[in-house]
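One-letter residues, chain by chain:
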Amino acid sequence: MTRVVGIRFQKAGKIYYFDPSGFDLETGMHAIVETARGVEMGTVLIPPKDVEDDQVIQPLKPVLRIATDEDEKTVEKNKEKEKEAFEICKEKIQKHGLEMKLVNAEYTFDNNKLLFYFTADGRIDFRELVKDLAAVFRTRIELRQIGVRDETKILGGIGICGRPLCCKTYLADFVPVSIKMAKEQNLSLNPTKISGVCGRLMCCLKNEQDTYEYLNSRLPNIGDVVFAKDGAKGEVQSVSVLRQLVKVVIDNGDEKELREYKVDELNFRPKKRKDVKITEEELKELEGLEDEVTDEAASESQKPTYNKEHYNKDHHDGKGKRYFGKNKRRNNNTSEK
């Protein structure tokens with residue numbers, strides 16, 4: 001067994017495991033910890049506990065100390081410096097004529113690194129921009145390209161439900177959402193109705209998917225022959241998934257009668273439900289709403305775990321690309337100097 005403490009660095013961010021180093025840490029306390037990108041201050045979400053060794057990637061980074069009032073003031077000063085850095089970076093981007101949208105600026109706790117998050121349609125050559133920024137701020141500079149979902153998570157907003165966005169308030173990870181989910185829930189496949197602020201499919205489609213799958217599994221298919229407990233036999237015309245009601249056409253010989261039954265009042269042969277199919281026309285109309293996120297990638301991030309590349313790779317769930325300037329080591333489209 002390994003002794004760990006779960007710490008989060010951003011609201012609605014991932015929880016990472018650290019070595020509590022013998023400190024008496026309680027939920028809600030702030031702690032200074034060592035991470036792969038430098039010293040950071042985080043909030044304790046999971047108090048010290050023992051977990052199985054296979055749930056932890058060794059070696060764990062340690063908790064350095066419980067945060068003091070001075071540490072809290074340092075964080076506030078960093079926030080003010082980030083606002084200034086954001087404006088300076090925007091000016092530099094315009095100066096270099098780069099087609100990129102700056103989203104956020106962030107200092108590490110120890111000011112050892114300054115990170116800029118941006119969105120862009122394609123690959124951006126920002127090597128000259130990094131040199132300019134390094135000359136101004138005299139610290140290590142990292143530019144990280146993020147997706148539209150990550151941008152929305154950082155900026156926040158109000159959803160069509162009238163509530164603050166789920167990704168900003170409580171979603172630690174983005175789960176895969178597909179057009180089939182919208183169709184399974186009998187929603188209109190109008191992009192304006194099923195897409196969120198980010199322009200992608202609404203994350204909340206996933207919230208109700210399991211319920212809809214269960215309710216749909218209890219209903220007959222349209223066109224199935226069913227037998228009612230009152231002795232009537234008929235063909236299913238329509239179903240109400242949430243109310244669990246079935247409208248049945250009863251053939252009385254000379255005339256047909258439409259009756260409505262609760263699903264529990266019907267007997268029918270259970271069938272494997274038909275797969276939800278999306279036509280080519282629907283796919284073309286909804287092109288771009290789905291993110292290329294695999295189920296495997298989503299499942300790997302369901303439980304708190306310590307990531308060796310903490311905050312170099314997973315912060316804000318950015319799927320950025322990396323470029324390291326001095327040593328010429330390339331790995332996609334993020335720059336660090």
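Calculation criteria
Residues numbered from 1 in each chain as written. Predicted model: local features only at pLDDT ≥ 70, side-chain atom pairs only at ≥ 80, totals over all residues. Heavy atoms only, no water. Helix = DSSP H or I, 4+ residues; strand = E, 2+ residues; numbered from the N terminus. Buried < 20%, exposed > 50% of the residue type's maximum accessible area, 1.4 Å probe, protein only. Contact = heavy atoms within 4.5 Å. Pairing = 2+ DSSP bridges. Salt bridge = Lys/Arg side-chain N within 4 Å of Asp/Glu carboxyl O. Arc of directions from axis to C-beta. Core = buried A, V, L, I, M, F, W, Y, C linked by side-chain atoms within 4.5 Å. Phe/Tyr/Trp six-rings, centres within 6.5 Å; stacked < 30°, edge-to-face > 60°. Lys NZ or Arg CZ within 6 Å of the ring centre and 35° of its normal.

Novice: Please give an account of the overall build of the protein that cites residues and values.
Specialist: Broken down by element type, the protein carries 10 helices and 16 strands. Per-residue burial for the protein yields a buried fraction of 43% across its 337 residues. Across the protein, every contact between residues at least 6 apart in sequence was considered, and the portion connecting residues at least 24 apart equals 63%.

Novice: So, the pairing of strand β1 (residues 2–8): which residues are in play, and what are the values?
Specialist: Each regular strand displays side chains that alternate between the two surfaces of the sheet. Burial analysis of β1 places five of its seven residues in the buried class, which makes it a mostly covered element. Here β1 folds back onto strand β2 (residues 15–18) in antiparallel fashion, the turn holding six residues, of which alanine 12 has a positive phi close to 60 degrees.

Novice: Which residues make up the pattern of salt bridges, and what are the values?
Specialist: Taken as a whole and assessed by the stated rule, the structure comprises 18 salt bridges. Here aspartate 173 and lysine 14 are joined by a salt bridge, their closest N and O atoms 3.7 Å apart. Placement of the pair is aspartate 173 in the loop between α4 (166–169) and α5 (179–184) and lysine 14 in the loop between β1 and β2, with a sequence separation of 159 residues. With a relative accessible area of 15%, aspartate 173 lands in the buried category. Salt bridges linked by common partners bring Arg37, Glu40 and Glu106 together as one network.

Novice: Outline helix α8 (residues 209–217), listing residues and values.
Specialist: Buried within α8 we find Gln209, Tyr212, Leu215 and Asn216. Down the axis, α8 shows its buried residues gathered within 130 degrees of arc, on one side only. Away from its buried face by more than 90 degrees, α8 exposes Asp210 and Tyr214. Looking at the packing, one finds that the buried side of α8 touches α5 and α7 (204–207).

Novice: Now, about the nonpolar core: what can you tell me, with residues and values included?
Specialist: Of all hydrophobic cores here, the largest spans 23 residues; its most connected members are Met100, Phe116, Phe137, Ile141 and Leu143. Listing elements by their share of this core, those giving two or more residues are α1 (69–96), β6 (101–107), β7 (113–119), α2 (127–137) and β8 (140–145). Leaving out residues up to four positions away in the same chain, phenylalanine 137 has contacts with Ala85, Ile88, Tyr107, Leu114 and Phe116.

Novice: Tell me about the packing of aromatic side chains, and name the residues and values.
Specialist: Using the criterion set out here, one finds four aromatic pairs in the structure. Aromatic pair phenylalanine 9 and tyrosine 16: ring centres 6.2 Å apart, planes at 55 degrees, arrangement tilted. Residue phenylalanine 9 is classed as buried on the basis of its relative accessible area of 12%. Arranged with centres 6.2 Å apart and planes meeting at 45 degrees, the rings of phenylalanine 116 and phenylalanine 137 form a pair that is tilted. With phenylalanine 116 in strand β7 and phenylalanine 137 in helix α2, the pair connects residues that are 21 residues apart, well separated along the chain. The burial state of phenylalanine 116 is the same as that of phenylalanine 137; both residues are buried. Feature note: the residues Phe9, Tyr16 and Phe18 constitute an aromatic cluster, connected by ring pairs. Sitting above the plane of the tyrosine 107 ring, lysine 81 keeps its charged end 4.7 Å from the centroid. In this structure, lysine 153 is placed above the aromatic ring of phenylalanine 174, and the distance from its NZ or CZ to the ring centre is 5.9 Å.

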